[in-house]
Amino acid sequence: VTCAQVLITQGDFLSRERYTNLTETLDRLAALSVIPIINENDVVTGCHQLDVQQVFSDNDKLSALVAAGADADGLALLTDVEGVYTKPPHEEGAERIKVWTQNMQVEIGEKSTMGRGGMASKIGAASVAASGGVHTVVASGFDVANIERI
């Protein structure tokens, strides 16, 4: 699996030239069978303690917006658990949800210390991507084989 990190800022969506460069880069990566890893460029936009108007809330929503805007075939939202569960997976009775429907109820646990998002962010981002016609999977990022399976 060949991947490339694509760092994005809000300015990339505000300038037609920069947005065109972004979509052309994503198209070229796809032609080369390279999987883009979409992240906010925190170095130039700051962090969540700074000007929140210049920062995306999380990389999940950012990647969903990019995927929908670029007519991507699919989106993988990687996490530290195997997928979306009815409640935190370490709790008794938690069941993995294989196919999400809008009327499902999920008990959201604590966010991990690894990022700004969390499972609520992933579910919201998956809904955004699905609204844009993008098939979305939430899977563990600890198992590299998941990328090939997805």
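Bear in mind that the values here come from a model prediction, so they are computed numbers and not experimental data.

A. A look at the nonpolar core. If you look at the biggest cluster of nonpolar residues, it comprises 13 residues, and the most contacted ones within it are L75, L77 and V84. For this core, the secondary-structure elements that each account for two or more residues are α4 (59-69), β3 (74-79) and α5 (119-131). Within the second largest apolar cluster, nine residues are counted, among which are I8, L26, L29 and L62.

B. Broad picture of unusual backbone geometry. Residue S33 is not a glycine yet carries a positive backbone phi of 60 degrees. Checked against the element boundaries, S33 lands in the loop between α2 (16-31) and β2 (35-40). Backbone geometry at D71 places phi at a positive 55 degrees, although glycine is not the residue there. Position of D71 among the secondary structure elements: in the loop between α4 and β3.

C. Main features of the side chain of S63. You can see S63 is positioned in helix α4. The exposure class assigned to S63 is buried, which follows from its relative accessible area of 8%. Those residues in contact with S63 that lie beyond four places of it in its chain are I38, L75 and L77.

Conventions and cut-offs
Residues numbered from 1 in each chain as written. Predicted model: local features only at pLDDT ≥ 70, side-chain atom pairs only at ≥ 80, totals over all residues. Heavy atoms only, no water. Core = buried A, V, L, I, M, F, W, Y, C linked by side-chain atoms within 4.5 Å. Buried < 20%, exposed > 50% of the residue type's maximum accessible area, 1.4 Å probe, protein only. Helix = DSSP H or I, 4+ residues; strand = E, 2+ residues; numbered from the N terminus. Contact = heavy atoms within 4.5 Å.

Keep in mind these numbers describe shape, not what the thing actually does.
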